[in-house]
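Each chain is listed here by its residues.
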Amino acid sequence: MLTIENLSVHYGGIHALQGISLEVPAGKIVTLIGANGAGKSTTLNTIIGLVKSSSGSVMFEGKNILGQPTKSLVEQGLVLVPEGRRIFPNLTVQENLTLGAYARTDAESIEQDRERVFNLFPRLKARTNQLAGTMSGGERKMLAIARGMMSKPQLLLVDEPSLGLAPHLVYDVFHALEELQRRGVTILLVEQNVNATLEITNRAYVLEQGAITLTGPSSAMKQNEHVRNAYLGI
């Protein structure tokens, strides 16, 4: 579904991404792991058109999408859930979800997807008319993911979904990602909770100082000595 080849990004004199290549097959969850500053968020932001690349290609469903406006990419089914809890705090949960579907015109399907979101995140249904900014951090992260789902994504880019969450909420978020995969959504996940990430993903790429240094099935990566030492604390 998504193929990145020799992608490079510069921030002034900083070579943030150094010719990386990776693939996200349809129906899979692929993870990009690495330390802070390795280039993980830059990768997602470049895919979605928020950061300009220096060279390389990003193929989505067989088309090179580099340079396309973000709005156009969302309409094609490519959606980013950004790092942090970037929701509209002065709008209700319902209004946030409605904004997630802004590019859609299929009213009946929108309502069906809203019910699916509420089934996946029952806490949100109980807070439909609550201002988003008054909810807990975990609930706001759930809302950010739910809003992304309302765009009816084919490929969901998820940046640090568990950041700052209590352990029981981390479980809820990862369970939601697994359920999305079961429903046919392809996911590219950036996450620093590497142990939990390798449990739910199909393939992993290690990004270090802007370069891909390792890749393999997630089950095998859990046994890799470098991954165990650098990211699993073993």
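In what follows, the structure referred to is the one given above.
This text gives an overview of the structure that appears in the document. (Residues numbered from 1 in each chain as written. Predicted model: local features only at pLDDT ≥ 70, side-chain atom pairs only at ≥ 80, totals over all residues. Heavy atoms only, no water.)

1. Some points on the environment of arginine 228
Its location among the elements puts arginine 228 in helix 10 (residues 225–230). Look past the residues within four positions of arginine 228 in its chain and what remains in contact with it is Lys222, Gln223, Gly233 and Ile234. Engagement of the side chain of arginine 228 in a polar contact is seen with the backbone oxygen of lysine 222, the distance being 3.5 Å. (Helix = DSSP H or I, 4+ residues; strand = E, 2+ residues; numbered from the N terminus. Contact = heavy atoms within 4.5 Å. Polar contact = N/O pair within 3.5 Å; in protein donor to acceptor, adjacent residues only side chain to side chain.)

2. With respect to the environment of lysine 52
Mapped onto the elements of the fold, lysine 52 is located in the loop between helix 1 (40–47) and strand 4 (55–60). Once the C-alpha coordinates of lysine 52 and tyrosine 11 are considered, the two residues, 41 residues apart in sequence, prove to be 9.4 Å apart.

3. Some details on the sheet that holds strand 6 (residues 78–81)
Spatial ordering of the open sheet is given by 6-7-8-3-9-10, a layout of six strands whose pairing is mixed. A strand with exactly one partner marks an edge of an open sheet, and here the two such strands are strand 6 and strand 10 (211–217). Across the sheet, the mean angle from the axis of one strand to that of its neighbour is 15°, orientation sign disregarded. As judged from the four bridges shared by strand 3 (residues 29–33) and strand 9 (residues 203–208), these two strands associate in the parallel manner. Within strand 9, the residue paired with valine 30 across the bridge is arginine 203. Most of the contacts of helix 6 (residues 137–149) go to strand 6, to which it runs at about 170°, and overall it touches strand 6 and strand 7 (155–159). Here helix 7 (residues 167–182) sits on the sheet and contacts strand 3, strand 7 and strand 8 (186–190); the angle it forms with strand 8, its principal contact strand, is near 150°. (Pairing = 2+ DSSP bridges. Axes fitted to C-alpha atoms, helices over the stretch in contact; angles between N-to-C directions.)

4. Brief notes about helix 3 (residues 93–100)
Listing the buried residues of helix 3 in full gives Val93, Asn96, Leu97 and Gly100. Along the axis of helix 3, the buried residues cluster in a sector spanning 95°; they form a single face. The inward-facing, buried residues of helix 3 contact helix 4 (107–120), helix 5 (122–125) and helix 6. (Buried < 20%, exposed > 50% of the residue type's maximum accessible area, 1.4 Å probe, protein only. Arc of directions from axis to C-beta.)

5. Looking at unusual backbone geometry
Peptide bonds are, in most cases, trans, and in most cases residues other than glycine have a negative phi. The phi dihedral of glutamate 61 falls on the positive side, at around 55°, and the residue is not glycine. With respect to the secondary-structure elements, glutamate 61 resides in the loop between strand 4 and strand 5 (63–64). Positive phi is not limited to glycine here, since lysine 152 has a value of about 60°. Note on placement: lysine 152 falls in the loop between helix 6 and strand 7.

6. Details of the pairing of strand 1 (residues 2–11)
With eight bridges connecting them, strand 1 and strand 2 (residues 14–24) associate as antiparallel partners. Paired with isoleucine 4 across the bridge in strand 2 is leucine 22. The turn joining strand 1 and strand 2, which pair antiparallel and follow one another in sequence, is formed by two residues; a positive phi near 65° is taken by glycine 12.

7. Details of the pairing of strand 8
Burial analysis of strand 8 places five of its five residues in the buried class, the great majority of the element. In the sheet, strand 3 pairs with strand 8 via four bridges, with the strands oriented parallel. Bridge pairing links isoleucine 29 to isoleucine 187 in strand 8. In this sheet, strand 8 lies alongside strand 7 in parallel orientation, the contact comprising five bridges. Of the residues in strand 8, the one forming a bridge with leucine 157 is leucine 188. Once the chain exits strand 7 it traverses helix 7 before rejoining the sheet at strand 8, and the crossover so formed is right-handed. (Right-handed = clockwise from strand over helix to strand, strands pointing away.)

8. Side note on the sheet that holds strand 1
Remark on secondary structure: sheet strands pair via backbone hydrogen bonds, oriented parallel or antiparallel. Within the open sheet, the four strands sit side by side as 2-1-4-5. Their pairing is antiparallel. Strand pairing shows two members of the sheet lacking a second neighbour, strand 2 and strand 5, which therefore form its edges. Pairing of strand 4 with strand 5, which is carried by two bridges, proceeds in the antiparallel orientation. The partner of phenylalanine 60 across the bridge, within strand 5, is lysine 63. Set on the sheet, helix 1 makes contact with strand 1, strand 2 and strand 4; between it and strand 1 the angle comes to about 110°.

9. Considerations on the side chain of serine 162
Among the structural elements, serine 162 can be located in the loop between strand 7 and helix 7. For serine 162, the side chain forms a polar contact with the side chain of glutamate 191, separated by 2.6 Å. The contact partners of serine 162, leaving out residues within four places of it in the chain, are Val170, Phe174, Glu191 and Asn193.

Nothing here speaks to function; it is all geometry.
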